[in-house]
Amino acid sequence: MIKNGVLLLKKLNLVFVFSLLFIISCKSLPEGETNKVKALDLIDGKSSFYLSVPSDVDNDLVQRLIKMNVSNISDSDVKSISDRIDSMYIGLNKQRNKTTIQAAVNSNIPRKYIPTLLSKKKGWDNTSIKFEGPATEYKIYSQNGIDLAFPSDNILCLGRNTDFMLGKYHEIYNYQQDELEPFPDFSELNEDIYNWLEGSDTEIRFYTVQPQTYLTSLLGTNLDLSLISVYGSFKVDPEHSDMYLLDFVFNFKSSFFAKTGKTLLGIAFGLSNGEIDTPTNTCIKISGIQLKKSQIYKLLVL
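Keep in mind the model is a prediction, meaning the values are calculated, not measured.

Draft legend 1. Layout of the environment of T260. Topologically, T260 is positioned in helix α8 (residues 255-269). Overall, the relative accessible area of 35% leaves T260 in the partly exposed class. Separated by 35 residues in sequence, T260 and L225 place their C-alpha atoms 7.7 Å apart.

Draft legend 2. View of the confidence of the model for the protein chain. With 82% of its residues at a pLDDT of at least 70, the protein chain reaches an overall mean of 80. Within the model, the stretch residues 1-12 combines pLDDT values under 50 with 43 contacts to residues more than four positions away or in other chains. Between residues 20-34, whose pLDDT stays under 50, and residues either more than four places distant or in other chains, the model counts 36 contacts.

Draft legend 3. Region of the structure containing the nonpolar core. Judged by nonpolar contacts, the single largest core of 45 residues is most densely connected at F234, L246, F250, F252 and L265. Broken down by element, this core gets its largest block of residues, 5 residues, from strand β10 (residues 240-252). If sequence neighbours within four positions are ignored, F250 has contacts with L215, L227, S229, V230, L265, F269, T282, C283, I284 and I286. Grouped together as the second largest cluster of nonpolar side chains are 25 residues, A104, A149, L166 and I172 included.

Draft legend 4. Representation of the sheet that holds strand β6 (residues 146-152). If you trace the 12 strands from one edge of the open sheet to the other, you get β4-β5-β6-β7-β3-β2-β1-β8-β9-β10-β12-β11, paired in antiparallel fashion. Strand pairing shows two members of the sheet lacking a second neighbour, β4 (125-130) and β11 (275-280), which therefore form its edges. Within the sheet, the average angular offset between the axes of one strand and its neighbour, ignoring direction, is 15 degrees. Pairing geometry for strand β9 (residues 227-237) and β10, over 10 bridges, is antiparallel. Looking at β10, one finds that V236 is bridged to Y244. Sheet strands in contact with helix α6 (residues 191-198) are β1 (49-54), β2 (85-94), β8 (204-208) and β9, and its direction is about 165 degrees off that of β8. Sheet contacts for α8: β10, β11 and β12 (283-292); angle to β10, the most-contacted strand, approximately 165 degrees.

Draft legend 5. Spotlight on the environment of S241. Within the secondary structure, S241 is located in strand β10. When the C-alpha atoms of S241 and K293 are compared, they prove to be 8.7 Å apart, with 52 residues separating the residues in sequence. The residues touching S241, leaving out its near neighbours within four places in the chain, are V236 and K293.

Draft legend 6. Region of the structure containing α8. Here α8 is 15 residues long and its end C-alpha atoms lie 20 Å apart, about the 21 Å a rise of 1.5 Å per residue gives. All buried positions along α8 are accounted for by A258, G261, L265, G266 and F269. Looking at the packing, one finds that the buried side of α8 touches α7 (211-219), β10 and β12.

Draft legend 7. Representation of the pairing of β4 in the model. Note: β4 against strand β5 (residues 137-143), 6 bridges, orientation antiparallel. The residue of β5 that forms the bridge with N126 is Y141. Counted between consecutive antiparallel strands, the loop separating β4 from β5 contains 6 residues, among which G133 sits at a positive phi close to 105 degrees.

Draft legend 8. Layout of the packing of aromatic side chains. The final tally for this structure, using the stated rule, is 12 aromatic pairs. Measuring from ring centre to ring centre gives 5.7 Å for Y169 and Y173, while their planes differ by 10 degrees; the resulting arrangement is stacked. With Y169 and Y173 both in helix α5 (residues 162-173), this residue pair falls 4 residues apart, about one helical turn. For Y173, a relative accessible area of 29% gives the class partly exposed. The rings of F49, F206, F234, Y244, F248 and F250 are connected pair by pair, giving a single aromatic cluster.

Draft legend 9. Representation of α7 in the model. Taken residue by residue, α7 has P211, Y214 and L215 as its buried positions. Across the axial projection of α7, the buried residues extend over an arc of 105 degrees, all falling on one side. Where α7 terminates, the next one or two residues include G220, which has phi positive at roughly 75 degrees.

Draft legend 10. Seen up close, the pairing of β8. Buried residues dominate β8, accounting for 5 of its 5 residues. Burial along β8 is two-sided: the face carrying I204, F206 and T208 and the face carrying R205 and Y207 are both buried. Judged from the 4 bridges that link them, β1 and β8 form a sheet pairing that is antiparallel. When the bridges of β8 are listed, L51 appears paired with F206.

The rules behind the values
- Residues numbered from 1 in each chain as written.
- Predicted model: local features only at pLDDT ≥ 70, side-chain atom pairs only at ≥ 80, totals over all residues.
- Heavy atoms only, no water.
- Helix = DSSP H or I, 4+ residues; strand = E, 2+ residues; numbered from the N terminus.
- Buried < 20%, exposed > 50% of the residue type's maximum accessible area, 1.4 Å probe, protein only.
- pLDDT = per-residue confidence, 0-100.
- Contact = heavy atoms within 4.5 Å.
- Core = buried A, V, L, I, M, F, W, Y, C linked by side-chain atoms within 4.5 Å.
- Pairing = 2+ DSSP bridges.
- Axes fitted to C-alpha atoms, helices over the stretch in contact; angles between N-to-C directions.
- Expected span 1.5 Å × (residues − 1).
- Phe/Tyr/Trp six-rings, centres within 6.5 Å; stacked < 30°, edge-to-face > 60°.
- Arc of directions from axis to C-beta.

Right, dumping it as structure tokens:
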């Protein structure tokens, strides 16, 4: 799914960033960071596929994401890095010849070390950006077409439209809330997408608004089902550590396509180890599908 890009992180020499995490043995407390800025709020809503990955749900997946995309890194360093990542919110856009990524990561990376780690001597360029309001300068570090930014000690921005993510962070962080008013919604994401991704503490969740493309990649066949959206979740099968258990929800344009889709999807997935349900006449839920981790890794080009 991330063909030709492999999350685009292979273009980064991120070992300089993550070496810090191996050196520092204790997690650093954020400096001045408040809970009002959520990493998910920084995603711009212009992606076709979204993924939320809590590290605690499957640390092996997080380690694989690191190891497959950071060259010349040891297993011990991979473990140290993954231990400092709490969750990842990822937006993907699949284009004809590449897939672009935007990511906001909850992590623990002290900003005071970044200028040394991402110096020009090590091949990084940096630019400064400012926004209206309180005078705060943010740095964007660039190498081989990928941007990185650290608006706080516990949020990392990566990839497409980094300046937007920094602007959104600045807006939320400096918002002066009236005591009598609820905190406003700053996210650019569709409410359904946001709510689904935000609730992923105990499972890895995904949501696509271009379901045909990703369903074809998953099944290896083109089923024209007139879908509006597909979302779902997966986690490690407690009885088989090399397997995932997946749930899908398919939203169709009409009840006619839902009826057809129910039959075709049942055949395509094979429901000997899963269940199929119809919550509404335009919605189908398939749960308990067992797939090898290697199949998901292949789908994610890992």
